[in-house]
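# Observations on chain architecture
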Amino acid sequence: MSARRATIRVINPNSNELVTRSIDTALEALRFEEGPEIVCTTLSQGPFGIETPADVASVVMPLRALVAADNASDAFVIACYSDPGLHVCREGTTRPVFGIAECGVLTALARAGSFGVIAIGQRSIPRHMRYLRQMGLIDRLAGERPLNMSVAQTASGEGTLERMIEVGRQLKEEDGAQAVVMGCAGMARHRHPLEDALAIPVIDPTQAAVTMAIGAVQVANAM
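To keep things clear, this report deals only with the structure shown in the data block. Owing to the predicted nature of the structure, the values given are computational and were not obtained by experimental measurement.

## Observations regarding the pattern of salt bridges
Scanning the entire structure with this criterion turns up ten salt bridges. As a salt-bridge pair, R64 and E91 come within 2.9 Å of each other at their nearest N and O atoms. Of this pair, R64 sits in helix α2 (residues 53-69) while E91 sits in helix α3 (residues 86-91), and the two are 27 residues apart along the sequence. Classification of R64 by relative accessible area gives partly exposed; the value is 25%. Here E91 falls in the exposed class, since its relative accessible area comes to 62%. Counted as one network, the salt bridges with shared partners bring together D24, E28 and R31.

## Considerations on the sheet that holds strand β6 (residues 141-146)
Across the sheet, which stays open at both edges, the four strands sit in the order β6-β5-β7-β8 with parallel pairing between neighbours. If you trace the sheet from one side to the other, it starts and ends with β6 and β8 (202-203), each paired once. Bridge count between strand β5 (residues 115-119) and β6: five bridges; the pairing is parallel. Following the sheet pairing, G116 is matched in β6 by G143.

## Some details on the environment of V217
Residue placement: V217 occurs in helix α9 (residues 205-222). V217 sits 143 residues away from D74 along the chain, and the two C-alpha atoms are 6.7 Å apart. Those residues in contact with V217 that lie beyond four places of it in its chain are A6, I8, P36, D74 and A75.

## Remarks on the sheet that holds strand β1 (residues 7-12)
In space, the four strands of this open sheet follow the order β2-β1-β3-β4, with parallel pairing throughout. Strands at the two margins of the open sheet, each flanked by one partner only, are β2 (37-42) and β4 (97-99). Averaged over all pairs of adjacent strands, the angle between their axes in this sheet comes to 20°, without regard to strand direction. The strands that α2 touches are β1 and β3 (75-78); relative to β1, the one it contacts most, it runs at about 165°. Of the strands in this sheet, β1, β2, β3 and β4 touch α9, which is tilted by about 155° from β1.

## What to know about the environment of D74
Turning to its location among the elements, D74 is positioned in the loop between α2 and β3. The class for D74 is buried, based on a relative accessible area of 16%. In sequence terms D74 and A101 are 27 residues apart; their C-alpha atoms lie 20 Å from each other. Ignoring any residue separated from it by four or fewer positions in sequence, one finds D74 in contact with R4, A6, T7, R95, P96 and V217.

Cut-offs applied
- Residues numbered from 1 in each chain as written.
- Predicted model: local features only at pLDDT ≥ 70, side-chain atom pairs only at ≥ 80, totals over all residues.
- Heavy atoms only, no water.
- Salt bridge = Lys/Arg side-chain N within 4 Å of Asp/Glu carboxyl O.
- Helix = DSSP H or I, 4+ residues; strand = E, 2+ residues; numbered from the N terminus.
- Buried < 20%, exposed > 50% of the residue type's maximum accessible area, 1.4 Å probe, protein only.
- Pairing = 2+ DSSP bridges.
- Contact = heavy atoms within 4.5 Å.
- Axes fitted to C-alpha atoms, helices over the stretch in contact; angles between N-to-C directions.

Scope: geometric values only; no functional claims are made or implied.
Below, the structure written as structure tokens:
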């Protein structure tokens, strides 16, 4: 009798299905035969985009309820760069829960001495800075610069890649970033062309988090 296939549940905390589909497409490279099933879910109660502290706060308890009620998944990924409810969700389950901001930054630091972040908007930056200070990693940040676009625009808007390349070059050439983290799950489809344009590592934080989740699940199942 074959063993049960493990499942990693990736949760988009906003209610924009286009963002969820973009995330799902970006994770295709991490799906492999006999590997964990990667299931992408949209939090229907969430705002259309998570762009303010109020948006972040509004999804914390719905996320915890979703995670706590799921006894089938082997690991969870919260696919929002603010890592909303990360510690609350970890409190609600014995299974590992990964936040994409935490995983994205740690992956960048495994690739380079310093990193920059492309934020969706200026008002996201203070929130990200507070988080990096809590993580004790603010000294490794070369800089963070905004696109001044919405979450929806990063996923589907015209000219998004061109603007990301412009901001990425500023991070590299003016701030000295040796790697760039994309500061929104909706940017997922732009990782490869952005990396080609910048010629430095570009980290999609959702891919980074799911990669860590795969490692955790595979090791757990091997023991």
